[in-house]
Protein chains: 2
Amino acid sequence: MAAKLVGNACIGQSGGPTVVINQSLVGVIEEARRHKEIKKLFGARHGTRGIMKQDFLDLFRVPPKKLQVVAATPAAALGSVRHKPTEDDCAAMLEVFRARNIRYFFYVGGDDSAQAAFLIAGMARKAGYEMRVVHVPKTIDNNLMENDHTPGFGSAARFVASAVRGDELDNRSLPGIKINVIMGRDAGWLTAASMLARQKPGDGPHLIYLPEAPFTVEQFLADVKEAYARHGRCVICASEGIRDPQGKLWAETAGRQLADGLKDEARNLFGKPKVDAFGHFQLSGTGVLADFLAGRIKEGADVSRVRADTFGYLQRSFPGFASRVDAREARAVGREAVKYAAKGLDGSVAIKRRPGKAYKAYLELVALEKVAGKNREVPKEFICPGGSDVCPSFRAYALPLVGGLPETAVLD
Amino acid sequence: MAAKLVGNACIGQSGGPTVVINQSLVGVIEEARRHKEIKKLFGARHGTRGIMKQDFLDLFRVPPKKLQVVAATPAAALGSVRHKPTEDDCAAMLEVFRARNIRYFFYVGGDDSAQAAFLIAGMARKAGYEMRVVHVPKTIDNNLMENDHTPGFGSAARFVASAVRGDELDNRSLPGIKINVIMGRDAGWLTAASMLARQKPGDGPHLIYLPEAPFTVEQFLADVKEAYARHGRCVICASEGIRDPQGKLWAETAGRQLADGLKDEARNLFGKPKVDAFGHFQLSGTGVLADFLAGRIKEGADVSRVRADTFGYLQRSFPGFASRVDAREARAVGREAVKYAAKGLDGSVAIKRRPGKAYKAYLELVALEKVAGKNREVPKEFICPGGSDVCPSFRAYALPLVGGLPETAVLD
């Protein structure tokens, strides 16, 4: 057995938070405490930025009782960051690791964070600085390669499925057309989870649109009219990342058409399409796509009541409503990350599922480069022909992850 | 003791649903079953519309076990309606009541429904048709006169306070300016409840705007800049019914500026301000106000990250998250309505609060005309000077109604 690598550890959180990201943080803290070779655990404020600025918390000093409440608290307790570290950034971080004798680095995040972890691990190896780097998965988008599902997805899916169930009941009460825009730029997993809101035939959502199944406005209108004629109402769930057949984001088209359609003097009022540092068009935190889709229906169909909601940040931050399964798994990936590192391994912790009827998950360490910077789409077999719905088989996949949904019943 | 009025009963639900409106329905069913003088209980589909069309369910036939699930189900189980009945409508309903020997009418709803109940009661009296009419209160807006608070408010307030707590934690993780638009056209009670999200000084929401405290765009921008400078971030909660000093809705200004600012060819895409049958401007089910406020900040302040969410229909329909206090009280007002009617009384059931430190509510029957068509605003003593916040005293008022909030903690 190899000698244990003695030194300090560091953990950071990155990207859009989830309601269980702190379960993983606490999992790392709890397990790290059990390893004598880990002397101190530095919590980096706002991920890589905190490492470079040496803005650290001493996590072994947090009282265990408080940790239990932190674990159940949404959003990154250490603060998060949206910044892809450059080579220079990684070199700067490595210098901090050396200076503080940090021999273990745990980075909680999505595919971008796996990429950062991969860069740092490579640089340390090249520099001959012995350290372990383990990526801890997290994303409500459920889009990490090598994973059956990701921590954060089950809880966000529980929120979305419940919200759509409630919205569907509301729409029964006061019929009309209702559009719900759901998070997920590059993969439609979370939007697909809206199908769990259905309890019997005729229940909404009646139409579900994912980024993986592009469509035209004409198709959309035809679908809506058909569903409205059949049900006398229509609940639609659309991903913020829906695309046209040319691969262009509907949200971008909506934003640009709005900007172009405004007279010069009014452009400042509504019309600045927002593009981030990576050239990503801003999808969340605006109602433009939902209002655009509602506008298309109002224009193209004879329906008096058309409403649109954008679920927004609540999907990733609503407290007190996490999936128990998701919370447990998020804690476990944190603990396992430390165990793998203590065994001398680098990699990304991945959740796998055993085949069989009963839900059973297990964890595995996979190579960082298999996860880094990659996107896992919803596979074709989960999408109905026509592209306006999700197949019933998706229920078997997603239902165990949400840890139960509120019970409801209608009078009929 | 007067002879009991023997005959059938009828119940309807009206207006925007809540997550506990079916508690009141089930309260009426359970209590009505205990009164031998009530032979049948007709459930009218979609309120007054169902009465006129004689679209009824036989509610004594619903199995008690199912009723318990229905009670916990959001949105009107009988269907709802948004229609102010005319004199002719009331005459038509009275004819149905006569034809079906309906001697008890329970109408669950807000101030408009109390108005409808008042009209029907008066018409029955004039026609010499003996019947009891009791209005059962319901509204997330909490704006009924004579009530300390209304069934539906506590649960909506619990959702909003929890959502803002989560959003505040998210904003700590990734700082910036965040706007949340909350329901409430004529009264700011629900928006005010966002203050319950605060746990310690510095916590968001940092600014709270109610319809009762009008403001200019200049004031708004000055408030936001000041809060952002102090906290390095800013969480804003604004009612959909916020107004300028001339009393004009900001949502209407936003909608009209958008419509006027669009070139003719683009008007159909975004620019049709939607006005309902009562001349009310559409506030819910669109992101225009939130995007307009975000636009003002992007234009007037040097902040890179500005996001806006409109909480939308989730506030009144999200399942599995009701306030226990609210659910219990909503059931009780239904039961009491039947008891009052059985005693030979007409009126509106109102929730009152006993003075004293410990929360204690009791029910009282008040005259229909005291509630009908009236709006109860947030009183001045709950609004801070300057109009951009709610006073700490509001916490003592609102906290008992939400039945507990999820526990959260931050690392600092």
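In what follows, the structure referred to is the one given above.
Residues numbered from 1 in each chain as written. Chains lettered and ligands numbered in written order. Predicted model: local features only at pLDDT ≥ 70, side-chain atom pairs only at ≥ 80, totals over all residues. Heavy atoms only, no water.

**Some points on the overall build of chain A**
Scanning chain A from N- to C-terminus turns up 15 helices and 11 strands. For 412 residues, the compact-globule estimate of 2.2 N^0.38 gives 22 Å, and chain A sits close to it at 23 Å. Considered along the principal axes of its C-alpha atoms, chain A spans approximately 75 × 55 × 35 Å. A buried classification covers 65% of the 412 residues belonging to chain A. Look at the contacts in chain A between residues 6 or more apart in sequence, and 77% of them connect residues 24 or more apart. Total accessible area on chain A is roughly 15200 Å²; 51% of this is exposed by carbon and sulfur atoms. (Helix = DSSP H or I, 4+ residues; strand = E, 2+ residues; numbered from the N terminus. Rg over C-alpha atoms; globule rule 2.2 N^0.38 Å. Buried < 20%, exposed > 50% of the residue type's maximum accessible area, 1.4 Å probe, protein only. Contact = heavy atoms within 4.5 Å. Areas by Shrake-Rupley, 256 points an atom, 1.4 Å probe, with all protein chains shown as cover.)

**A look at helix H13 (residues 324–342) of chain B**
All names here are of chain B. For H13, spanning 19 residues, the distance from its first C-alpha to its last is 28 Å, which sits close to the expected 27 Å at 1.5 Å a residue. Looking only at H13, the buried set comprises Val325, Asp326, Ala327, Glu329, Ala330, Arg331, Val333, Gly334, Ala337, Val338, Tyr340 and Ala341. Of the residues that open H13, the one with a side-chain oxygen 3.2 Å from the backbone nitrogen of Val325 is Ser323. (Expected span 1.5 Å × (residues − 1). Polar contact = N/O pair within 3.5 Å; in protein donor to acceptor, adjacent residues only side chain to side chain.)

**Quick word on the side chain of Asp244 of chain A**
All names here are of chain A. Note on placement: Asp244 falls in the loop between strand S8 (234–239) and helix H9 (250–261). The buried charged residue Asp244 lacks any salt bridge partner; its closest oppositely charged side chain belongs to Lys248, at an N-O distance of 6.4 Å. Polar contacts involving the side chain of Asp244 include one to the main-chain amide nitrogen of Gln246, which spans 2.9 Å. If near-sequence neighbours (up to four positions away) are discounted, Asp244 is found in contact with Pro214, Phe215 and Trp250. (Lys, Arg positive; Asp, Glu negative; His and termini not counted. Salt bridge = Lys/Arg side-chain N within 4 Å of Asp/Glu carboxyl O.)

**A short note on the side chain of Thr18 of chain B**
Residue and element names in this part refer to chain B. Among the structural elements, Thr18 can be located in the loop between strand S1 (7–13) and helix H1 (21–33). Judged by its relative accessible area of 0%, Thr18 is buried. Polar contacts involving the side chain of Thr18 include one to the main-chain amide nitrogen of Ile21, which spans 2.9 Å. Sequence-distant contacts of Thr18, defined by excluding residues within four places in its chain, comprise Pro74, Ala75, Lys138, Thr139, Ile140, Gly152 and Arg316.

**With respect to the packing of aromatic side chains**
Going through the model one piece at a time under the given rule, you end up with 36 aromatic pairs over all chains. Their ring planes at 65° and their centres at 5.5 Å tell us that Tyr209 of chain A and Phe220 of chain A sit as a pair that is edge-to-face. Separated by 11 residues along the polypeptide, Tyr209 of chain A in strand S7 (residues 207–209) and Phe220 of chain A in helix H8 (residues 217–231) bring together distant segments of the chain. Each member of the pair Tyr209 of chain A and Phe220 of chain A is classed as buried. Judged by centre distance (6.0 Å) and plane angle (35°), the ring pair of Phe215 of chain A and Phe220 of chain A falls under tilted. Comparing Phe215 of chain A with Phe220 of chain A, the two get one shared label, buried. Each member of the aromatic cluster is reached from another via a ring pair, and the members are Phe159, Phe318 and Phe321 of chain A together with Phe159, Phe318 and Phe321 of chain B. (Phe/Tyr/Trp six-rings, centres within 6.5 Å; stacked < 30°, edge-to-face > 60°.)

**Some points on the nonpolar core**
With 74 residues, the main nonpolar core has Leu190 and Phe394 of chain A together with Leu190 and Phe394 of chain B as its most contacted residues. Contributing elements (two or more residues each) for this core: helix H6 (153–173), helix H7 (189–192) and helix H15 (393–402) of chain A together with helix H6 (153–173), helix H7 (189–192) and helix H15 (393–402) of chain B. Every residue in contact with Phe394 of chain B, bar those within four places of it in the chain, is listed here: Trp189, Ala192, Ala193, Met195 and Phe382 of chain B. Residues Val181, Ile242, Ala254 and Ala301 of chain A belong to the second largest nonpolar core, which totals 62 residues. (Core = buried A, V, L, I, M, F, W, Y, C linked by side-chain atoms within 4.5 Å.)

**Section: the sheet that holds strand S11 (residues 361–366) of chain A**
Residues and elements named next belong to chain A. Across the sheet, which stays open at both edges, the 7 strands sit in the order S3-S2-S1-S4-S5-S10-S11 with mixed pairing between neighbours. Strand pairing shows two members of the sheet lacking a second neighbour, strand S3 (56–58) and S11, which therefore form its edges. Pairwise comparison of adjacent strand axes, ignoring direction, gives a mean angle of 25° for this sheet. Relative to strand S2 (residues 38–44), strand S1 (residues 7–13) runs parallel, the two being bridged by 4 bridges. Across the sheet, the residue bridging to Ile11 is Gly43, located in S2. (Pairing = 2+ DSSP bridges. Axes fitted to C-alpha atoms, helices over the stretch in contact; angles between N-to-C directions.)

**Some points on the pattern of salt bridges**
Residues and elements named next belong to chain B. Evaluation of the coordinates by the stated rule reveals 40 salt bridges over all chains. Between Arg172 and Glu168 there is a salt bridge whose closest N-O contact spans 3.3 Å. Residue Arg172 and its partner Glu168 are located together in helix H6, separated by 4 residues, close to a single helical turn. Here Glu168 falls in the buried class, since its relative accessible area comes to 2%. The salt bridge involving Glu168 is made with Arg233; its shortest N-O contact spans 2.8 Å.

**Observations regarding the interface of chain B and chain A**
Listed by partner, the interface residues are 84 residues for chain B and 84 residues for chain A. Of the roughly 6600 Å² buried between chain B and chain A on both sides combined, carbon and sulfur atoms contribute 61%. Taken together, chain B and chain A are joined by 2 salt bridges. For Arg316 of chain B, the salt bridge is made with Asp170 of chain A, and the minimal N-O distance between the two is 2.7 Å. On inspection of chain B and its partner chain A, the count reaches 22 residue pairs in polar contact (both at pLDDT 80 or more). Listed by contribution, the elements that provide at least two residues to the side of chain B that touches chain A are helix H3 (64–71), H6, helix H9 (250–261), helix H10 (267–270), helix H11 (288–300), strand S9 (306–310) and helix H12 (314–317) of chain B. Top contributing element to the side of chain B that touches chain A by residue count: H6 of chain B, with 10 residues. The residue makeup of the side of chain B that touches chain A, split by class, is 38 nonpolar, 24 polar and 22 charged. (Buried area = accessible area lost by both parts, 1.4 Å probe. Nonpolar A, V, L, I, M, F, W, Y, C, P; charged D, E, K, R; others polar.)

**Re H9 of chain A**
Residues and elements named next belong to chain A. Here H9 is 12 residues long and its end C-alpha atoms lie 16 Å apart, about the 16 Å a rise of 1.5 Å per residue gives. Judged by how many residues are buried, H9 sits mostly within the fold: 9 of 12 residues are covered. If you check which residues of H9 are buried, you get Trp250, Ala251, Glu252, Thr253, Ala254, Gly255, Leu258, Ala259 and Gly261.

**Structural notes on the relation of the copies chain B and chain A**
When chain B is fitted onto chain A, the two copies agree to an RMSD of 0.0 Å after a turn of 180° and an axial shift of 0.0 Å. One copy is carried onto the other by what is essentially a two-fold rotation axis. A share of 100% of the interface residues of chain B reappears at the interface of chain A, consistent with the copies meeting face to face through the same patch. (Least-squares fit on C-alpha atoms with pLDDT ≥ 70 in both.)

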